[in-house]
Amino acid sequence: MDLSKQQHVRLEPRDEFTHPIEAAKNFNESMYINLFDPERKAGGWFRVGNRPNEGHAEVSCCVYFPDGRVGFMFQRPKISGNDAIAAGGMCFEILEPFKKLRLTYEGKLCILKNPADMADPKAAFANNPIVPCSLAIDYEGVSPVYGGEAVDENGNPVEEHPDESFARAHYEQHMAGKGEIRVGDEVLQLNGFGLRDHSWGTRYWQNLYWYRWIPMNFGRDFAMNISVVQMASGRQHIWGMVLKNGRYHFIEKATMDTTYDADHSSESLRAYVKTDEGEYHVEGKVLSLIPLRNRRQKDNGEWMNTRITEGFAEFVCNGQTGYGMAEYLDQIVDGIPVGNRA
């Protein structure tokens, strides 16, 4: 969002918790977090998105195993309010604002030997084993918190059109985490690093034309997040930050090139990043990827199709190796992801 001189970004400890429900049908409040263990080369990402005016939440649990398998579950459990970021067996619990939180999940996962099966969700869930899953992970912040809510000179939220907004209020933080994931008879003990975000406001997944979101961690004192967002109008927004020795340095310039496979899924990437204190060259390799989708029917009956590929990736920068995500969102036009045409 581009702010005027009278507008600014506000963030307070109370923003760690839920916010009043807004009138727009597509009001959304969500929390997302990931975690990757650099020794085990395993991890996952987890999300609850409340949509109280639509009567349901969106709940995702995704686990990447060291051998390339992916465990995945998506639900739309019914909800009637916005009192907690908890639904479908998943719960985000704030223990200390901006410092500590706990994530738990009790439910099931579909275990995919070939994660690409999820391109056809109905067949994937029917033809792959579904097993019990439980997890408990404790997180601590290793960085400042970046972002907040856009407000005007009177402290009121800046309104956006529901068909154009994606995350009016949004903040992120690099984390360290430790915990256990039980999937059927298997146990994954994780001790690593990740990134979380919290957002609220109106959201349709179709409001953005495409984006490339690349959060990565190289350790407690070095991490990065690169975001390239393209609107259908042609307007592009590049932002992000580099965490170095406990301080965020914000990206002033970034470029990124991606190689794709025959299914238009990312295989590798090269990125250049410049901040106020230095330049960085990043090489990334996708280790395991699952293709997901979101569909919305317009008032005229037309379907809009969005693909989101979630790649667990290994990154190399300044001689250090780290892990994180290569998350690519694209609207699908004539069967092709629009970002691949760029």
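See above for the structure.
Residues numbered from 1 in each chain as written. Predicted model: local features only at pLDDT ≥ 70, side-chain atom pairs only at ≥ 80, totals over all residues. Heavy atoms only, no water.

Draft legend 1. Focus on the environment of Asn34. In this fold, Asn34 is placed in strand β2 (residues 27-37). Sequence-wise, Asn34 and Arg47 are 13 residues apart; in three dimensions their C-alpha atoms are separated by 8.9 Å. The contacts of Asn34, once residues within four sequence positions are left out, are Gly44, Trp45, Tyr139, Gly194, Leu195, Pro215 and Met325. Of the polar contacts made by the side chain of Asn34, one reaches the side chain of Tyr32; its length is 3.1 Å. (Helix = DSSP H or I, 4+ residues; strand = E, 2+ residues; numbered from the N terminus. Contact = heavy atoms within 4.5 Å. Polar contact = N/O pair within 3.5 Å; in protein donor to acceptor, adjacent residues only side chain to side chain.)

Draft legend 2. Up close: the state of the cysteines. On inspection of all chains with the given rule, the structure shows zero disulfides. Free cysteine: Cys61, not disulfide-bonded; nearest cysteine sulfur from Cys133 at 4.7 Å. The buried category is assigned to Cys61, whose relative accessible area is 1%. (Disulfide = S-S within 2.5 Å. Buried < 20%, exposed > 50% of the residue type's maximum accessible area, 1.4 Å probe, protein only.)

Draft legend 3. Layout of the side chain of Ser199. Locating Ser199 in the fold gives a position in strand β12 (residues 186-202). On the accessibility criterion, Ser199 (1% relative accessible area) is buried. In this view, Ser199 contacts Asn28, Glu29, Ser30, Ala167, Ala169 and His170; residues no more than four positions away in its chain are not counted.

Draft legend 4. Here's a closer look at the pairing of strand β8 (residues 100-112). Across three bridges, strand β5 (residues 70-75) lies against β8 in antiparallel orientation. Its bridge partner lying in β8, Phe72 is registered against Cys110. Relative to β8, strand β7 (residues 90-96) runs antiparallel, the two being bridged by six bridges. Across the sheet, the residue bridging to Glu96 is Lys100, located in β8. Remark: three residues form the turn of the hairpin made by β7 and β8, two consecutive strands paired antiparallel; Phe98 in that turn has positive phi of roughly 65°. (Pairing = 2+ DSSP bridges.)

Draft legend 5. Local environment of the pattern of salt bridges. The final tally for this structure, using the stated rule, is 23 salt bridges. Put simply, Glu149 and Arg168 hold a salt bridge, and the shortest N to O gap is 2.7 Å. Placement of the pair is Glu149 in strand β10 (residues 146-151) and Arg168 in the loop between β10 and β11 (169-183), with a sequence separation of 19 residues. The shortest N-O distance in the salt bridge between Glu180 and Arg182 comes to 2.8 Å. With relative accessibility at 24%, the residue Glu180 sits in the partly exposed group. Look at the salt bridges and you will find they share partners, linking Arg10, Glu12, Arg14, Asp15, Glu22, Glu149 and Arg168 into a network. (Salt bridge = Lys/Arg side-chain N within 4 Å of Asp/Glu carboxyl O.)

Draft legend 6. Unusual backbone geometry, seen in detail. In this structure, Lys41 is a non-glycine residue whose phi angle is positive, near 50°. Looking at the element boundaries, Lys41 is found in the loop between β2 and β3 (42-51). The exposure class assigned to Lys41 is partly exposed, which follows from its relative accessible area of 38%. Located in the positive-phi region is His264, a residue other than glycine, with phi close to 65°. Inspection of the secondary structure assignment puts His264 in the loop between β17 (253-260) and β18 (266-275).

Draft legend 7. Representation of the packing of aromatic side chains. In total, this model carries 15 aromatic pairs according to the counting rule given. Both rings, one in Tyr248 and one in Phe250, keep their centres 6.4 Å apart while their planes meet at 45°; by these two values the pair is tilted. Take Tyr248: its relative accessible area is 6%, and that puts it in the buried class. When the ring centre of Trp205 is taken as origin, the NZ or CZ atom of Arg203, which lies over that ring, is 4.9 Å away. Directly above the aromatic system of Tyr204 lies the positively charged group of Arg296, at a separation of 3.7 Å from the ring centroid. (Phe/Tyr/Trp six-rings, centres within 6.5 Å; stacked < 30°, edge-to-face > 60°. Lys NZ or Arg CZ within 6 Å of the ring centre and 35° of its normal.)

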